[in-house]
Amino acid sequence: MAVGVIAVFGLIGGTYIGLTRDRSSSAAVWRDPNAQLFTPREQAVTPLSEDQALALVRKVLAMRSPAELNDLVRLRDISASEAVQFLTELEQKRGKVSRLDWIGNMDANGIQIEAVEIFFENETVRPLRALLTPNSQSVWQVDLAALSAACSKPWDKVVSEAKIQADLRVFVAQDNYYNGRFLSEREWAAYTLASPDSDSTLIGYCQRGSETQRILNASLKSSRAIRAIVRVRKNDPTPTRLCEIISFLAEDWIMTDTVFDERQPDGSSKVGEKP
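Residues numbered from 1 in each chain as written. Predicted model: local features only at pLDDT ≥ 70, side-chain atom pairs only at ≥ 80, totals over all residues. Heavy atoms only, no water.

A few words now on the packing of aromatic side chains. Throughout the structure, instances matching the rule amount to five aromatic pairs. Between the aromatic rings of Phe171 and Trp253, the centroid separation amounts to 5.5 Å while the plane-to-plane angle is 65°, which identifies the pairing as edge-to-face. With Phe171 in strand 6 (residues 163-174) and Trp253 in the segment after strand 10 (242-251), the pair connects residues that are 82 residues apart, well separated along the chain. Per residue, the accessibility class of Phe171 equals that of Trp253, and both read buried. With centroids separated by 4.4 Å and ring planes inclined at 5°, the aromatic side chains of Phe182 and Tyr205 adopt a geometry described as stacked. Here Phe182 is found in the loop between strand 6 and strand 7 (188-194), whereas its partner Tyr205 is found in strand 8 (residues 201-207), with 23 residues between them in sequence. Judged by relative accessible area, which is 0%, Tyr205 ranks as buried. Site record: aromatic cluster; members linked through ring pairs are Tyr178, Phe182, Trp188 and Tyr205. Just above the ring of Phe119 sits the side chain of Arg99; from NZ or CZ to the centre is 4.0 Å. Note that Arg227 overlies the ring of Trp253, its terminal NZ or CZ placed 3.9 Å from the centroid. (Phe/Tyr/Trp six-rings, centres within 6.5 Å; stacked < 30°, edge-to-face > 60°. Helix = DSSP H or I, 4+ residues; strand = E, 2+ residues; numbered from the N terminus. Buried < 20%, exposed > 50% of the residue type's maximum accessible area, 1.4 Å probe, protein only. Lys NZ or Arg CZ within 6 Å of the ring centre and 35° of its normal.)

Moving on: helix 4 (residues 80-94). Over its 15 residues, helix 4 extends 21 Å from the first C-alpha to the last, a length consistent with the 21 Å expected when each residue adds 1.5 Å. The sharpest bend along helix 4 comes to roughly 35°, located at Thr88. Taken together, the buried positions of helix 4 are Ala83, Val84, Phe86, Leu87, Leu90 and Arg94. Elements that come into contact with the buried residues of helix 4 comprise helix 2 (50-61), helix 3 (66-69), strand 3 (114-120), strand 4 (128-134) and helix 5 (144-148). Looking one or two residues past helix 4, Gly95 carries a phi angle of roughly 95°, positive in sign. (Expected span 1.5 Å × (residues − 1). Bend = angle between axes of the 7 residues up to and from the residue. Contact = heavy atoms within 4.5 Å.)

This brings us to the confidence of the model for the protein chain. Across the protein chain, the average pLDDT comes to 85, with 80% of residues at or above 70. In the predicted structure, residues 14-41 sits below a pLDDT of 50 and forms 51 contacts with residues beyond four places in sequence or in another chain. In this model residues 266-275 is a low-confidence stretch, pLDDT under 50, and it forms 20 contacts with partners more than four residues away in sequence or in other chains. (pLDDT = per-residue confidence, 0-100.)

On to the pairing of strand 5 (residues 140-143), then. The alternating pattern of strand 5 places Trp140 and Val142 and Gln141 and Asp143 on opposite faces, both of which are buried. Pairing of strand 4 with strand 5 involves three bridges; the strand directions are antiparallel. In the strand pairing of strand 5, Leu132 is matched with Val142. Hairpin connection, strand 4 to strand 5: the antiparallel pair is bridged by five residues, and Ser138 has positive phi, about 65°. (Pairing = 2+ DSSP bridges.)

We now examine unusual backbone geometry. A positive phi angle, close to 65°, is found at Ser138, a residue other than glycine. Residue position: Ser138 is located in the loop between strand 4 and strand 5.

For the rest of this paragraph, the subject is the nonpolar core. By size, the foremost hydrophobic cluster in this structure holds 32 residues, and its most contacted members are Val57, Val116, Ile118, Leu132 and Leu144. Counting residues per element, the ones that place at least two in this core are helix 2, helix 4, strand 2 (97-105), strand 3, strand 4, strand 5 and helix 5. In terms of residues, this core owes the most to one element, helix 2, which gives six residues. (Core = buried A, V, L, I, M, F, W, Y, C linked by side-chain atoms within 4.5 Å.)

Here we come to the sheet that holds strand 6. With respect to topology, five strands assemble into a closed barrel ordered 6-7-8-10-9, the strand pairing being mixed. Strand-to-strand twist across the sheet, computed as the mean angle between neighbouring axes with direction ignored, equals 55°. In terms of strand pairing, strand 6 meets strand 7 through four bridges, oriented antiparallel. The residue of strand 7 that forms the bridge with Ala173 is Thr192. The sheet strands contacting helix 7 (residues 211-219) are strand 6, strand 7, strand 8, strand 9 (226-235) and strand 10, and the helix crosses strand 10 at an angle near 65°. (Axes fitted to C-alpha atoms, helices over the stretch in contact; angles between N-to-C directions.)

What follows is the structure, given as structure tokens:
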């Protein structure tokens, strides 16, 4: 288990290192190699320029009241008060922001997404990634649930309780630890689930041959670790860090009206979807 924990945080660190390349060394815009795994059917809204994206993120980071959020913040899976609390406490918990780096296109879940990486003066603090997506009126917004890695229930509670169900924004990597009711490798596929704000990890299992396993394996085919929203369930008589992954809700950390594992192979949803 200890080796698994060290390995997954090494993967997370590698992901961030890849995003911290010095842009001054090249005039070309670096694109995340995993960004093209899933793309929206069409670019319906004009993408933001680098200056526009950075300005929007700076403006959102300076917000301190619900009235300031207006149309520039996407409040899905997070309330206005929770969003303001996160923004207000950000510097206190992580330190001052040192710089913003534009990543650019990170389309996922059938919607347009632009990304900006937020770095802090304390280099031991992991960067945050701001995901920007347009609303139905074509106004670009920063998704605050994605920025804060919001979960439906506190991570520590999910780790420590015996019976609980939650939707989690996590880093996912393949694992090979099998135990308890998940002892059979023929029946279950194992994955490490890591939170960006905790050293505690979960081991998640899904049924082999299930749609959830197919999506996870496809997403991890070209990357050692991915960001995803998953629904997990623990139903053991005693506390354990083993849980069942019952649904793959979204690739990366922006949630839409249709969960990812209900989409058609071509990226369209099985039901009418509005981002």
